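The residues making up each chain are set out below.
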Amino acid sequence: MPATVTAAEVSKNFGAYLDAAMRAPVIITKNGRPRTVLMAYEDYVRLSKRDRRVERTVELGEADIAAVEQSLMAPGFEALNDELESVPVSDK
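First, a word on what this report is: a plain description of the structure on this page. Predicted model only: the values in this text are computed from it and were never measured.

### Regarding the overall build of the chain
Assigned secondary structure in the chain consists of five helices and three strands. Its helices and strands taken in sequence order, the chain reads β-α-α-β-β-α-α-α from the N to the C terminus. By its C-alpha atoms, the chain is 60 × 30 × 20 Å across when sized along the principal axes. Looking at the chain as a whole, 12% of its 92 residues qualify as buried. Summing over all exposed atoms, the chain offers an accessible surface of approximately 8,200 Å²; the carbon and sulfur share of this is 56%.

### Quick notes on the nonpolar core
Among the nonpolar cores identified, the biggest contains eight residues, and these are V5, V10, Y17, A20, A21, V26, I28 and L38. Among the elements of the structure, α2 (14–23) and β2 (26–30) are those that each provide at least two residues to this core. Per-element accounting of this core gives the leading share, three residues, to α2. Once residues lying within four places of it in the same chain are set aside, the contact partners of A21 are V26, L38, M39 and A40.

### As for unusual backbone geometry
Even without a glycine there, the phi angle at N31 is positive, about 55°. With respect to the helices and strands, the residue N31 is situated in the loop between β2 and β3 (33–38).

### Some details on the environment of K49
When you line up the elements, K49 lands in the loop between α3 (41–48) and α4 (62–70). In this structure K49 comes out as exposed when scored by relative accessible area, which is 68%. Through-space distance from the C-alpha of K49 to that of T4 is 25 Å; in sequence the pair is 45 residues apart.

### Focus on a nonpolar patch on the surface
A grouping of M73, F77 and L80 is seen on the molecular surface, where their side chains present a nonpolar patch of about 270 Å² in accessible area. Tracing the backbone shows M73 in the loop between α4 and α5 (78–85).

### Considerations on the environment of E85
Examined against the element boundaries, E85 turns out to sit in helix α5. By relative accessible area, E85 is classed as exposed at 62%.

### Regarding the sheet that holds β3
Across the sheet, three strands lie side by side as β1-β2-β3; this open sheet has mixed pairing. The open sheet has two edge strands with one neighbour each: β1 (3–6) and β3. Strand-to-strand twist in this sheet, taken as the mean axis angle between neighbours without regard to direction, amounts to 35°. Bridging between β2 and β3 involves five bridges; their strand directions are antiparallel. Directly across from I28, in β3, lies its bridge partner T36.

Thresholds, definitions, all that
- Residues numbered from 1 in each chain as written.
- Predicted model: local features only at pLDDT ≥ 70, side-chain atom pairs only at ≥ 80, totals over all residues.
- Heavy atoms only, no water.
- Helix = DSSP H or I, 4+ residues; strand = E, 2+ residues; numbered from the N terminus.
- Buried < 20%, exposed > 50% of the residue type's maximum accessible area, 1.4 Å probe, protein only.
- Areas by Shrake-Rupley, 256 points an atom, 1.4 Å probe, with all protein chains shown as cover.
- Core = buried A, V, L, I, M, F, W, Y, C linked by side-chain atoms within 4.5 Å.
- Contact = heavy atoms within 4.5 Å.
- Patch = residues over 30% accessible without salt bridge, like charges linked within 9 Å, V, L, I, M, F, W, Y side chains within 5 Å.
- Salt bridge = Lys/Arg side-chain N within 4 Å of Asp/Glu carboxyl O.
- Pairing = 2+ DSSP bridges.
- Axes fitted to C-alpha atoms, helices over the stretch in contact; angles between N-to-C directions.

Rendered as structure tokens:
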């Protein structure tokens, strides 16, 4: 469970909270509201890799849609291909 502390407390004991953030995120509040999270760099990198670019399908051209329809999942994820094959055409 992440610790929740005030910005003033973090300011007074920054080194201790740096160490604590290596174990679990530290939520820093200001005026009683969550404002910032202090976390380990490795956690930040892991979370930032989860970011994805999203495009609206209405903005795709015919060639893009055809390419998506013909694509297959990477090796090891073949079960996802099987799921798509079982979806009725009207639902795709």
